[in-house]
Structure formats: C-alpha cells, structure tokens
Amino acid sequence: MSEAQSLGARLLRKKPIEMLVSDTAGADSEHGHLRRGITPFQLTMFGVGSTIGTGIFFVLAQTVPTAGPAVIVSFVIAGIVAGLTALCYAEMASMIPVSGSSYSYAYATLGEGVAYFVACCLILEYGISAAAVAVGWSGYLNKLFEIVFGAGLPAALLSAPLVADGYALAFGGEGIINLPAVILVFMCCLLLIRGSKESAKANAVMVLIKMGVLAMFILITVTGFSASNLQPFAPFGFAGISAAAGTIFFTYVGLDAVSTAGEEVENPKRNLPIAIIAALLIVTSLYVLVAVTALGVQPAAEFEGQEAGLATILENLTGHTWPALVLACGAVISVFSVTLVVLYGQTRILFAMSRDGMLPELFYRVNPRTMSPVACTIVVAIFVGLIAAFVPDAVLWDLTSMGTLVAFMVVSTGVMILRRTRPDMPRGFRVPFFPVLPLLSIASCIYLIVNLNPTTFKLFGVWLVFAAVFYFAYSARNSRLEKAANAAAVRG
Amino acid sequence: MKCLVGYSADQGGCEALALGILLARASGGSMVVCTIVPETWGHPSMARVDAEYAGFLEQHARKTLDKARAQVGKRAPAEFLSRAAPSAREGLLATAKDMAADCIVLGSSRGARLGSFLEGGVTSGVLHTAPLPVALAPRSYAPGPRARLSRITCAVSATPGSTQTAIRAHEVCARLQVPLRLLTFVVRDRQMYPTGVGYQAENMVANQLRAQAAAGQKAIISALPPKPPATAAIADGKTWKSAFGSVPWKEGEMIAVGSSNLGPLLRVFLGSNAAKILHSAPIPSLVLPWQGSAKSD
C-alpha cells in the first residue's frame, strides 16, 4: 500500500516530536533528560572549538589569490553571514525539546522533503568538509616531516591526481593520491569504531592549542609587518572579495554546534545569542588578525598554492624552524581532532536518517561488541577517504560552503514560515529583529552562494539529482512515517 | 556437578570455597578441594634441604586443608587433596582432568575492590587455558549459611556466537535447577563535544542497540528448550557499573559470560566486554568456554 500517500503528503509529513524525543531518550534513570548543564562560557568554547580548525590553517592559500589583501573583508563578511544563520538556526533548534541536527529539526517542523534536502546539504557540510580538512592536514603533516626529518613525503603521495585549473577539474599534476589524508580519515574511523569520543574537557584542551598556536603566529608575524604588502588592497574589486567570502564561509562551519545546544544550556533566551556572538567575535578576530599579519609579512602573490601556509610563512619570516615546528604540531593535533568531530557528525546524521527509513538499514546497525555503528562509520570513512585522496581541496571547500549555505538558507526560511504557520509553538529562543534578521540571513546566504564558482554549482546539481532519485526510489517508500501511515490506514 | 575448588590459605581461598559449596549444593553434586604446592626437585641432597622443604610443604598443605575442612563441615560432600605441581595453573588443570571435574572455582586477587573481581596470576592462567567452565568469587564474597543459588544471568550480546553461550548457560541452569535470565549490556558511550548533530546523538545509537538487543534476545530464547524458564533483560547505563545497577539482582545470583570466540577452540579466553563484566560484577561469575563456531550459526 505504498501508494496510499500522495507525493505532496509525503514531502510534507512531519516527524512527531514524541518520536524524536523517544529516539534520543537517555538511560532509564535519566528520562526527561533536560539537564541544563552547559554554561554560556562552555558553550562559547564549543563554538570556538568546533569552528577554528576547519580552515584558517589552510584557507589563505586559496582565497588571497582570489581577493588580494582584501581577503580581510571577506573574513568579516563570512563571519556576519555565519552569525545571522546561527541565530536563525538557534530559534528552530529551540522549538524542539531535544538536541539534534538541523535534519531532525527540519523533519519535525518543516516536513520530510525539506528535511531530506537539508540532510543532503549536511552531507556536503560534514562529509566533504571532513575530506577538505584531511587534505589540509596532510600539508601540515608533510611540513612537520620536512622540519623534523629534513625531507617530506614524495609529491606523488601528497596530492590528488585531479587538479583544479581555476576551478575546472582536470587530471594532471604530479599527485597520484593524497595518502596522509586517507590515513587520517581511517585513523579517525578506527577511533570512532572503538567509541573514542572527544569530551568537553578534550575540547577545552584543543581550543587552547588552536588559539595558542594562532596567537603565537600573530605575535611573531606582527614583528615583521610591512604595510606595503597590503597594497593594492583589493586588486580584484568587490567581486574578488565576495568570491573569497563564499569560500571562507567554510571556515565558520561548526558554529552551528552552539545552536544545537539550546536544550542543554541554562536560560537559552539570553545565553544562546551571547554564546553565538561571543564565539563569533573570538573566531572572527582571530581569523582577521591571522589574515592581516600573514599579509603583512608575505606579498599577496606568494600565497597561491602554498601548503601548510601559516607554518611556511613563519619559517620564511624568522629564518628559524622552531616556530614553524610548533605551529605545524599544533595544526596536526588540532586538525586531527576537528576531523574526528566532523566525521563523527557525518556518521550520526546518516544514522539518524537511516533510523527514519531514509537510508538502508545498514547505516543504523549497531555492532553489539563495540556498541557503535561500525558499518556506517566504515562506509563514511571509505567515501570521505576516497574524496580526500583524489579531489583537490579548493573544490571541496567551495562545495562545503555551498552545502552549508543552502542548508542554513532553508533553515532561515523555515524560521519565517514557522512563525506564520506555528505561532503558538513554544520557542526557547526567538530571533531578534524579526523578520529583518532572517531576511538578512537568507539574502546574505544567496549573496555568498551566487559568488561561488560554476564548478561548485555543477557538482551540487549532480549531487541533488542523485539524491532526489534516491529519495523517490527508496526513501519516500521506506520512511518510518510511511510505514506508520500505512499501518494507520489498515487499522482505520 | 563436581566442582574443583582451587584453595589457598587466604581469604581468596575461603571465598572460592564458599562459592564451591553453593554450587555443589545447588547441583546436589560434590566438591574437590585442592591446594597446589610447589613441586620439589626430588633429588637427595647432602643436607636433605629439599626433603625438609618438602616436609614443610606437606605440613602446610595439611594445615590448609584442615582449615578448608572446617569451613565446609557437613554442608557439601567434599574430597580434600593437595597436589605438587610446577605451577598452580598446571596443578589445577591436571587435577580437574584426573577428577573429571565439571567446573573450576577460584577466588579473586586481593587487588580487587571490595565486592568485585580481579583475576590474579593463577586465575588469569586458568582462564586462558581451561577447557571447562570457571566460576569466580568476587573479593569479600561471603554468602550466608542458608544462601542458595537462585538464578543464573547469562550476559549475551546480539551476535550469533552468543546463542551458543546462552545454550551452554541454559544447560548449566538445567543441572543446577535454577532459572536463566539473558542480560544484554547497553553501555552508553560518551557524547562527543562539540558537535553539530546535537548533544543526544549517542542516546540515539544506544536506543537502537537496545532495540537490536531485545530482538536478539527473543531469537535466542526461542532457540532454548522450554525448561528451565528463561527471561530477558537489558542493563542500560553510562558505565558498566551503572548498567549493572540498572537491573534487579536476586540474592544468590550468578552471572555467566561466554569466552571470546577469538581464543583457541574449547578454551576459555576473555573478550574485552566479558572482562569488563567480570570486573564490574558485584556477584560471582561463571565463565563458559567457547565451543567453536560449528554449531553456533
């Protein structure tokens, strides 16, 4: 009786909130698990911890050639967009009494079609960014090898066989496979299978490491600052700045970790915006300072194609290897943890989707020995590993930005729709300056999206077509809600 | 059921003996209380040093066994013997073979926390090589004089291998005439921080594991003979310890675990989850040897 429901009904059906609550209920003793245990400071640290590391260590090499020294402006623009979207997302998250992903929030409020679409974007946000981060990591690892052993890995093992010529993908270059990136992905996979998790404490340590090495970078490079490097400031005009901002948005991915904590934080009405804005201010100022000082010591023309950029800049500036060594070590450790967190996010999103019947059962089988979803983790690792091995990072960054921006645009729109359709639903947090702020959020997302390069649009289009085919061929029929509806129809 | 109690003149020995008595009484069987003494060289030496040492050992063993005799009293039929062997492990295994024992009973290392179990050198050796079930008494185990074995809880995961373990545990239950309870542990993993997928993602995984475990238990129970009755429960908690605390335990209950199927055939070899269960269990445990995969699927 799978034809019982019309297409429209399928796309619009919503997951009951009780179902969402029971899916994530705690062990018996802690039912009604709304322990509001996270302080605003901790939450800010979560925001900082999950954001820094997803790009600042590598993104200058890609964006300075696009925007010139004006890349500083791009960082600020991307930061503002990230803040707007995070605030909108926080309102949607606060409508649901359990903490989840934007997929599960969308499923409960906007319906299956939107949720599935958001999930497709999230796969880009998580899966693709995991690959992108792993690629950046391999550059720093190689730098570390060069400093410690005097020689790096052979070039054939360091980069993808596909190269981005401008943005058009082509075979060529000296790379065969990006081996360190693959190894990183599989190490993280093993840790996740064993159930190793980064705790709130580990996050605090990672935040210290990341902020420490970036602060060191800023303090050292400021000594060699030369304002002449910042001239001409914007050689490619505003178009360059906008294009770079789109790519840079990728470095703010992770700020949404704050929004999803709405149910766990004390007094979310006050603390959520404080944490989002505080995290954003810390992150943006660090990014801007890093960009300004880096540009102050190295002419814009030298950024292009630079691997392990920040470490190399330090080495060139000081003439010593130790600052570069410290920075490379910090990057290798903290980017490792970022990859772990991002891969973890990806496995759990797929887990949630397959539990809802959107994906085959394989993704939600839990291995009884390790008590973790082993098959799902391995599948994710294989895909992310393949992408990290063979696709250049420039394309990955833009694709991540694309996925994230589209997902947040949907969320912001959703917030506006829900104010109209479900005005009575309790909201722990409401976006200030409604409807200006969500509208600004949507407009700014669109602005960054249109400035992304055409290759990204093509890849995104292919991905969406594939996803849509899968939805109509599989997910719509196998959805848990479909089965529930059919059962109800039979009973009725 | 014939239980071989590995007895030593310390608290661990007393605890093992107490468990041996419980098992012997439950099964209407008997005990062999065995103390292992070091093998002497046996060569006549000029000063008869070795013979004197052998004499001392013999005396020591006799004293030890007298103590055991006093503890057992008339509560269970028992034989008492001492055996000289190159190592306690070899001595116990050889005795178990000679006396056709059905299980070996051992005590905990003194390093364990009160009320829980930790294997010492001998126990570890026996667990790695024993071809028969091994019962383990936790530290400071002291059942009352009227204590009876009330139930055996068998720890199972939802893997095919655990059907075999459950069948073995069920056989033991039939001999001891106690009901069986299947118990699956769901130990909730720590949540990852920070994450964009919310702060309850691990509960989602654990709840799925619960659902899987319930289905697995149902399948296992349907594969068991109807008598003695078997029930099922799920122990759910953030740690192994709190998972143990989440289900009710009867007075005089034991927990049975299967040994890892990675070990040699027909030998006892602990997997990491089984080891965690043994170390967190506040009650005596029974380690069942792996039977090979031929019959399990």
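None of these values were measured; they are calculated from a predicted model.

Conventions we followed
- Residues numbered from 1 in each chain as written.
- Chains lettered and ligands numbered in written order.
- Predicted model: local features only at pLDDT ≥ 70, side-chain atom pairs only at ≥ 80, totals over all residues.
- Helix = DSSP H or I, 4+ residues; strand = E, 2+ residues; numbered from the N terminus.
- Buried ≥ 20, exposed ≤ 12 C-beta atoms within 10 Å, placed from the backbone.
- Rg over C-alpha atoms; globule rule 2.2 N^0.38 Å.
- Contact = placed C-beta atoms within 7 Å.
- Expected span 1.5 Å × (residues − 1).
- Domains from an automatic or database assignment.
- Pairing = 2+ DSSP bridges.
- Axes fitted to C-alpha atoms, helices over the stretch in contact; angles between N-to-C directions.
- Nonpolar A, V, L, I, M, F, W, Y, C, P; charged D, E, K, R; others polar.
- Parallel < 35°, antiparallel > 145°, perpendicular 65-115°, else oblique.
- Left-handed = near helix turned anticlockwise from the far one by under 90°.
- pLDDT = per-residue confidence, 0-100.

Asks: Just checking my understanding: could you explain the overall build of chain A for this structure?
Replies: Assigned secondary structure in chain A consists of 19 helices and two strands. A burial count over chain A gives 57% of its 492 residues as buried.

Asks: Help me understand the overall build of chain B in this model?
Replies: In terms of helices and strands, chain B carries eight helices and ten strands. For chain B, the C-alpha radius of gyration of 21 Å lies close to 19 Å, the compact-globule estimate for 297 residues. Across its three principal axes, chain B shows a C-alpha extent of roughly 80 × 45 × 40 Å. In chain B, buried positions account for 47% of the 297 residues. At a minimum sequence separation of 6, the contacts of chain B that also span at least 24 residues come to 74%.

Asks: Teacher, can you tell me more about helix α16 (residues 393-421) of chain A here?
Replies: Taking 1.5 Å of rise per residue, 29 residues should cover 42 Å, and α16 of chain A covers 41 Å from first to last C-alpha, within 8% of that figure. In terms of burial, α16 of chain A is largely enclosed, as 22 of its 29 residues are buried.

Asks: What's the story with the domain arrangement of chain B in this structure? I'm lost.
Replies: Residues and elements named next belong to chain B. Domain parsing of chain B yields domain 1 (2-136) and domain 2 (151-288). Once you take the C-alpha centre of each, domain 1 and domain 2 turn out to be 29 Å apart. Opposite the 16 residues of domain 1 that make contact, domain 2 presents 18 residues. Only α1 (11-27), α4 (121-129) and β5 (134-136) provide two or more residues apiece to the side of domain 1 that touches domain 2.

Asks: What's the story with the sheet that holds β5 of chain B in this structure? I'm lost.
Replies: Pairing between the strands of a sheet comes from backbone hydrogen bonds, and it takes one of two forms, parallel or antiparallel. All names here are of chain B. If you trace the ten strands from one edge of the open sheet to the other, you get β3-β2-β1-β4-β5-β10-β9-β6-β7-β8, paired in mixed fashion. The open sheet has two free edges, formed respectively by β3 (78-85) and β8 (230-237), since each of these has just one partner strand. In this sheet, adjacent strand axes meet at a mean angle of 25 degrees when their direction is disregarded. As defined by bridge partners, β5 adjoins strand β10 (residues 285-288) across three bridges and the pair is classed as antiparallel. What sits directly across from V134, in β10, is V287.

Asks: Hey, could you run me through the interface of chain B and chain A in this one?
Replies: In many analyses, interface size is given as the accessible surface area lost on bringing the parts together. Counting from both sides, the interface comprises 31 residues of chain B and, opposite them, 41 residues of chain A. Looking at the side of chain B that touches chain A, the elements with two or more residues in it are α6 (201-222) and β8 of chain B. Of the residues contributing to the side of chain B that touches chain A, the split by class is twelve nonpolar, 14 polar and five charged.

Asks: Which parts of the structure should I look at to understand helix α10 (residues 237-248) of chain A?
Replies: Think of an α-helix as turning once every 3.6 residues; residues three or four places apart then point the same way. Residue and element names in this part refer to chain A. For α10, with twelve residues, the first-to-last C-alpha span of 17 Å sits near the 16 Å given by 1.5 Å per residue. Taking burial as the measure, the twelve residues of α10 include nine buried ones, the bulk of the element. Along α10, the residues that are buried comprise G240, I241, S242, A243, A244, A245, G246, T247 and I248. Buried residues in α10 make contact with α4 (60-67), α5 (71-94), α16 and α17 (436-450).

Asks: What is the right way to read the environment of G53 of chain A from this model?
Replies: Inspection of the secondary structure puts G53 of chain A in the loop between α3 (40-51) and α4. What G53 of chain A contacts, discounting residues up to four positions off in sequence, is K210, S334, V335 and V338 of chain A.

Asks: Honestly, unusual backbone geometry in this entry has me stumped. Any pointers?
Replies: Most peptide bonds are trans, and most residues other than glycine sit at a negative phi. With an omega dihedral of -5 degrees, the bond running from F434 of chain A to P435 of chain A counts as a cis peptide bond. With respect to the secondary-structure elements, P435 of chain A resides in the loop between α16 and α17. Note that the residue after K227 of chain B, namely P228 of chain B, is joined by a cis bond; omega there is -10 degrees. Relative to the elements of secondary structure, P228 of chain B occurs in the loop between α6 and β8. With phi around 45 degrees, N267 of chain A is a residue other than glycine that occupies positive phi space. N267 of chain A gets classed as exposed once you count the C-beta atoms within 10 Å, which come to 12. Phi at Q177 of chain B is positive, roughly 55 degrees, even though this residue is not glycine. Among the secondary structure elements, Q177 of chain B is positioned in the loop between α5 (160-176) and β7 (180-187).

Asks: I'm lost on the packing of α16 of chain A against α17 of chain A in this one. Help?
Replies: The axes of two packed helices give the description: the angle between them and the distance between them. Residue and element names in this part refer to chain A. At a closest axis distance of 9 Å, the pairing of α16 and α17 adopts a crossing angle of 155 degrees. With respect to α17, the element α16 is oriented roughly antiparallel. Taken as a pair, α16 and α17 cross one another with a handedness that is left-handed. Contacts between α16 and α17 involve M402, L405, V406, F408, M409, S412, T413, V415 and M416 from the first element and P438, S441, I442, C445, I446, L448 and I449 from the second. Per-class residue counts for the contact of α16 with α17 are 13 nonpolar, three polar and no charged.

Asks: Could you clarify how one ought to interpret the packing of α5 of chain A against helix α12 (residues 268-297) of chain A in this entry?
Replies: All names here are of chain A. At a closest axis distance of 10 Å, the pairing of α5 and α12 adopts a crossing angle of 165 degrees. By the angle between their directions, the pair α5 and α12 is classed as roughly antiparallel. The chirality of how α5 crosses α12 is right-handed. When α5 is examined against α12, the residues V71, I72, F75, V76, G79, A82, G83, A86, L87, A90 and S94 are found in contact with a partner set consisting of P268, L272, P273, I276, I277, L280, T284, Y287, V288, A291 and V292. For the contact of α5 with α12, the residue count by class is 18 nonpolar, four polar and no charged.

Asks: What should I look at first to understand the environment of V292 of chain A in this one?
Replies: Structurally, V292 of chain A can be placed in helix α12. Separated by 70 residues in the primary sequence, V292 of chain A and V222 of chain A have C-alpha atoms spaced 8.9 Å apart.

Asks: For this particular structure, what's the right way to read the confidence of the model for chain B?
Replies: Where the model shows low pLDDT, its predicted coordinates should not be examined in detail. All names here are of chain B. When pLDDT is averaged along chain B, the result is 87; 91% of the residues meet or exceed 70. By mean pLDDT, the top-scoring element of chain B is strand β6 (residues 151-155) (95), and the lowest-scoring one is α4 (86). Per-residue pLDDT stays below 50 along residues 292-297; that stretch engages in nine contacts with residues further than four places along the chain or on separate chains.

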